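# Structural overview for review
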Amino acid sequence: MDEMDLFRNFRRGVAAPSAEAQRRASARLASALEEPMGREKAARLRHGRRRWPLAAIAAAILVGGLLVAPAFGIGDRLLALIQGAPARPEVQSPVWSPDGRRIAFVSRRDGKALYVMNADGSGLRIVARVERLATPAWSPDGLRIAFERNGQVYVMNADGNAQRRLTRRGHAPAWSPDGRRIAFVITGKLYVVNADGSGHRTLTRRIGDGAANSLAWSPDGRKLLVLLEHGSAPLCAICDRVYVLNADGSGLRDLTRKLGGSQPGPGPASDPVWSPDGRRIAFVRLNTRHGVYVANVGGSEMRNLTPKPKGAAYSAPTWSPDGRKIAFASERDGNSEIYLMNADGSGQQSLTRNLAYDGDPGWSPDGQKITFVSNRDGRFEIYVMNADGSGQRSLT
Amino acid sequence: MDTASSDADYLACSLHEPTAFELIFDRHFGAVHKYLHRRAGRELADELAAETFALAFARRESCRASGSVLPWLYGIATNLLHRHRRAERRQLHAYSRSGVDRSVAYEDEAAARVDGSALDARLAGALAAMRPRERDVLLLFALADLSYEEIALALDVPVGTVRTWLHRARLTAQRELAAAEADVSPLATTGVDLNG
């Protein structure tokens, strides 16, 4: 037997106790039973308590003996628990087109690629090959998609035609609500360019020192929300801070400045999103007091909407289009599930419940459906459900 | 037959009829022994399983379980294991290195040698790297199949603490598994880059 074979034993069930061990333990218990017996027997006689019927004891032993004890191999449950919420599932970031007719997402299933399908799952196709799984951005009219390829920003029609490089460098493209401009980031510095590629200009000084993980315009187009990597610690994927600034680059504010530093350990926050009215921002706090937080754009009135249960991990908050609800993913039950709550944190309920990963929720523009990513059937797929959690089905 | 309610019944009954506790022993000795065997090896499991039941009997009045008493028994067993932390760590390190802990006997020795993966060795390394309480909650959850509430009952801590420890245990495990992955990657054959 080689060493690897020996390792494999770890996941196997261990053998039942030997008869000898059981006999000795039983004898030890019997002697313990003896000790208080005199006193208890006296008490029983004093109070005239009825003796337990022997027949009932015998029946109970019989039934008890039929129970199957767990095998205690380190099984799928442990592996699912540890690996159940991979940081990067192979299918990621489903994004609804603004008209609600199509869904774009990225996957590394057949090489890294950007996919588009109809909202019912039909017409699935690869529209672009990419080198990095970054979230694509729909144009407000739903006709085009901006995306990142090879560290450059590209624009194409939603069917993959007319692909055009917009900038020589750039990450996290975000389309302005009027459809005229695209903002993007190059190593911690924000830029904007007209959607036709003209008018390239710098918005800010260098704020962070790594890649941007997300960038979004406020619904009225007057502000930008950006998650920037800070501190170039090796292997630190989550040393991120959340900033809000005016669309002309002025008024930069670190929303996470009061949430503590990012070294060592996780950065303070991730996954920032605008409320539909543009007045508030939801995000996930990572460093301590984990939860889905909501703050005003100015950073005031910051509140943890999920103070309980303590110690659970959260991700991907997303507002319903009417701004009344927030869906999010959490590992509060042991692995990642989708939850729903009112925008004030009340009425929390789980929409999914199983041992698989369920994450990355996204509302349809009409607020009727929620897409999410799950590996409940063995591999990661895009799923859709009604906003109350009913009618869950795979789209891919 | 509702076995969950019977457990508590037997326990209550054993307060005035000690022999009723033997039913608890008959029903749960195998599970408690296997749990200890998995964590500390067969020899220590023989000793600690016997001690668990003797101690459980002595403390039966303090049991707060309303259904099955198994979580409570696992809690006692887990606390007893703490006296033997070094034995458990030694066993985990043995798995994660090239050798194997021969004190573990398997249900199916033949099958145990046929399939599986090297992940198990890395898993052992990750478990060894955890703080004892983090390892406790992870193994009570994953091996003993207890719910958060049952683990809280077993270890006599608030359920929020269970969540925190479990969360930390998972982060440790993920970090250790990723590190182990990085260690072996130069030997891996070239293939599709799976990193997004």
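Residues numbered from 1 in each chain as written. Chains lettered and ligands numbered in written order. Predicted model: local features only at pLDDT ≥ 70, side-chain atom pairs only at ≥ 80, totals over all residues. Heavy atoms only, no water.

Here we take up the overall build of chain B. When its secondary structure is counted, chain B shows 10 helices and 0 strands. Within chain B, the fraction of its 196 residues that count as buried is 56%. (Helix = DSSP H or I, 4+ residues; strand = E, 2+ residues; numbered from the N terminus. Buried < 20%, exposed > 50% of the residue type's maximum accessible area, 1.4 Å probe, protein only.)

This part takes up the overall build of chain A. In terms of helices and strands, chain A carries 5 helices and 28 strands. Of all 396 residues assigned to chain A, the portion counted as buried reaches 51%. Long-range contacts, defined as pairs at least 24 residues apart, comprise 37% of the intrachain contacts of chain A with a sequence gap of at least 6. Carbon and sulfur atoms provide 48% of the accessible area of chain A, an area that totals close to 18000 Å². (Contact = heavy atoms within 4.5 Å. Areas by Shrake-Rupley, 256 points an atom, 1.4 Å probe, with all protein chains shown as cover.)

This brings us to the confidence of the model for chain A. Interpretation of this model should avoid reading the predicted coordinates in detail wherever pLDDT is low. Residues and elements named next belong to chain A. Averaged over chain A, the pLDDT score is 80; the fraction of residues at 70 or greater is 77%. Counting contacts from residues 1-11, a segment whose pLDDT is below 50, to residues more than four positions away or on other chains yields 40 contacts. Predicted confidence is poor over residues 36-75, with pLDDT under 50, and the contacts of this stretch with residues over four places away or in other chains come to 65 contacts. (pLDDT = per-residue confidence, 0-100.)

Let us now look at the side chain of Asp254 of chain A. Residue and element names in this part refer to chain A. Looking at where Asp254 falls in the secondary structure, it is placed in strand 16 (residues 253-254). Overall, Asp254 belongs to the buried group, its relative accessible area being 15%. Dropping the residues within four chain positions of it, Asp254 is found in contact with Arg241, Val242 and Tyr243.

Residues and elements named next belong to chain A. Applying the stated criterion across every chain, the model contains 11 salt bridges over all chains. Here Glu90 ties to Arg109 by a salt bridge, and the two come within 3.9 Å at their closest N and O atoms. Here Glu90, found in the loop between helix 5 (76-83) and strand 1 (91-96), pairs with Arg109, found in the loop between strand 2 (102-107) and strand 3 (113-118); they are 19 residues apart in sequence, far enough to count as distant. Linking Glu148 and Arg132 is a salt bridge whose minimum nitrogen-to-oxygen distance equals 2.9 Å. Of this pair, Glu148 sits in strand 6 (residues 144-149) while Arg132 sits in the loop between strand 4 (125-129) and strand 5 (137-138); the two residues are 16 residues apart in sequence, bridging distant segments of the chain. Bridged by salt links that share partners, the residues Glu90, Arg109, Arg379 and Glu381 form one connected network. (Salt bridge = Lys/Arg side-chain N within 4 Å of Asp/Glu carboxyl O.)

Before going further, it helps to examine the packing of helix 2 (residues 19-34) of chain A against helix 2 (residues 21-40) of chain B. Relative orientation of the contacting elements helix 2 of chain A and helix 2 of chain B amounts to 145 degrees, with a least axis distance of 11 Å. The handedness of the crossing between helix 2 of chain A and helix 2 of chain B comes out as right-handed. Of the residues in helix 2 of chain B, those touching helix 2 of chain A at Ala21, Gln22, Ala25, Ser26, Leu29 and Leu33 of chain A are Phe21, Glu22, Phe25, Phe29 and His33 of chain B. In terms of residue class, the contact of helix 2 of chain A with helix 2 of chain B is made up of 7 nonpolar, 3 polar and 1 charged. (Axes fitted to C-alpha atoms, helices over the stretch in contact; angles between N-to-C directions. Left-handed = near helix turned anticlockwise from the far one by under 90°. Nonpolar A, V, L, I, M, F, W, Y, C, P; charged D, E, K, R; others polar.)

Our focus in this paragraph is the packing of aromatic side chains. In total, this model carries 14 aromatic pairs over all chains according to the counting rule given. For the ring pair Phe21 of chain B and Phe57 of chain B, a centre distance of 5.3 Å and an interplane angle of 70 degrees mean the geometry is edge-to-face. Taken together, the residues Phe21 of chain B in helix 2 and Phe57 of chain B in helix 3 (residues 42-58) connect sequence positions 36 residues apart. Here Phe21 of chain B and Phe57 of chain B have matching classes, each one buried. Among the aromatic side chains, those forming a connected cluster through ring pairs are Tyr314, Phe328 and Tyr339 of chain A. Taking NZ or CZ as reference, Arg376 of chain A lies 5.0 Å from the ring centre of Tyr383 of chain A, over its face. Between Arg60 of chain B and the ring centre of Phe57 of chain B, over which it is positioned, the NZ or CZ distance is 3.9 Å. (Phe/Tyr/Trp six-rings, centres within 6.5 Å; stacked < 30°, edge-to-face > 60°. Lys NZ or Arg CZ within 6 Å of the ring centre and 35° of its normal.)

Bringing the sheet that holds strand 18 (residues 280-285) of chain A into the picture now. Residues and elements named next belong to chain A. An order of 17-18-19-20 is seen for the 4 strands of this open sheet, with the pairing classed as antiparallel. The sheet is open, and its two edges are formed by strand 17 (269-274) and strand 20 (303-304), each paired on a single side. When strand 18 meets strand 19 (residues 291-296), the two strands line up antiparallel, connected through 6 bridges. The residue bridging Ile281 from the neighbouring strand is Ala295, located in strand 19. (Pairing = 2+ DSSP bridges.)

Once that is clear, we can look at the pairing of strand 3 of chain A. Consecutive side chains along a regular strand alternate between the two faces of the sheet. Residue and element names in this part refer to chain A. The buried fraction of strand 3 amounts to 5 of the 6 residues, a majority that puts the element mostly inside the structure. With 6 bridges connecting them, strand 2 and strand 3 associate as antiparallel partners. Bridge pairing in strand 3 links Arg102 to Asn118. With 4 bridges joining them, strand 3 and strand 4 adopt antiparallel strand pairing. Opposite Leu114, over in strand 4, you have Ala128 as the bridge partner. What sits between the antiparallel neighbours strand 3 and strand 4 is a turn of 6 residues, in which Gly121 has the positive phi angle 95 degrees.

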